[in-house]
Amino acid sequence: MEMVRRLASERPVVIFSKSSCCICHAIMTLFCGFGVNPTVNEIDEIPRGREMEHALLRLGCSPTVPAVFIGGELVGGSNQVMSLHLNQSLIPMLKRAGALWL
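Conventions adopted
- Residues numbered from 1 in each chain as written.
- Predicted model: local features only at pLDDT ≥ 70, side-chain atom pairs only at ≥ 80, totals over all residues.
- Heavy atoms only, no water.
- Phe/Tyr/Trp six-rings, centres within 6.5 Å; stacked < 30°, edge-to-face > 60°.
- Helix = DSSP H or I, 4+ residues; strand = E, 2+ residues; numbered from the N terminus.
- Buried < 20%, exposed > 50% of the residue type's maximum accessible area, 1.4 Å probe, protein only.
- Pairing = 2+ DSSP bridges.
- Right-handed = clockwise from strand over helix to strand, strands pointing away.
- 1 Å grid on protein atoms, 1.4 Å probe; cavity = no way out; pocket = protein on both sides within 12 Å on 5 of 7 lines; lining within 4 Å.
- Points joined across faces, edges and corners; volume = space filled by probe spheres on them.
- Nonpolar A, V, L, I, M, F, W, Y, C, P; charged D, E, K, R; others polar.

(A) Quick look at the packing of aromatic side chains. Enumeration according to the criterion identifies 1 aromatic pair in this entry. Between Phe16 and Phe69, the aromatic rings sit 5.7 Å apart at their centres with planes inclined by 75°, giving edge-to-face as the arrangement. Linking Phe16 in strand 1 (residues 13–17) with Phe69 in strand 3 (residues 67–70), this pair joins segments that are 53 residues apart in sequence. Phe69 gets classed as buried once you look at its relative accessible area, which sits at 4%.

(B) View of the pairing of strand 2 (residues 39–42). Bridge analysis of strand 1 against strand 2 gives 4 bridges, and the strand direction is parallel. Directly across from Phe16, in strand 2, lies its bridge partner Asn41. Taken together, strand 1, helix 2 (residues 22–33) and strand 2 constitute a β-α-β crossover, and its handedness is right-handed.

(C) Focus on the layout of surface pockets. Each pocket or cavity is described by its volume, and for the largest pocket that value is around 200 Å³. Looking at the largest pocket, it is lined by 14 residues, and the ones nearest its centre are Ser62, Pro63, Gly77, Ser78 and Gln80. For the lining of the largest pocket, the secondary structure elements donating two or more residues are strand 4 (73–76) and helix 4 (78–86). At 3 residues, the largest contribution of residues to the lining of the largest pocket is made by helix 4. When the residues that make up the lining of the largest pocket are grouped by side-chain class, the tally is 7 nonpolar, 7 polar and no charged.

(D) How the structure looks around unusual backbone geometry. Pro63 follows Ser62 through a cis peptide bond whose omega is 5°. By secondary structure assignment, the location of Pro63 is in the loop between helix 3 (49–58) and strand 3. In this model, Val65 is joined to Pro66 through a cis peptide bond whose omega is -5°. Considering the arrangement of structural elements, one finds Pro66 in the loop between helix 3 and strand 3. Non-glycine residue Arg48 carries a positive phi angle of around 65°. Inspection of the secondary structure assignment puts Arg48 in the loop between strand 2 and helix 3.

And the structure:
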């Protein structure tokens, strides 16, 4: 779990994803559309990805991907991200984390 926390705190926006997950792709596209450059960890393509997936489960991510961290804090999956976006809380959160400057 420490590896996931460390990776999540290294950049303003970190997404744990799987390369075959269309919902993960949609979430990444949403962030890129805002001008955010998220760090994406494709857990099905990296060493120790299975260990990361188990750590995400222990952190409460179910399903495990996409798992979005903003400012080092777990935001959650696609439902949580879309809820923040729809209630206009996502952009201010990204600005506070230093992921957006406008």
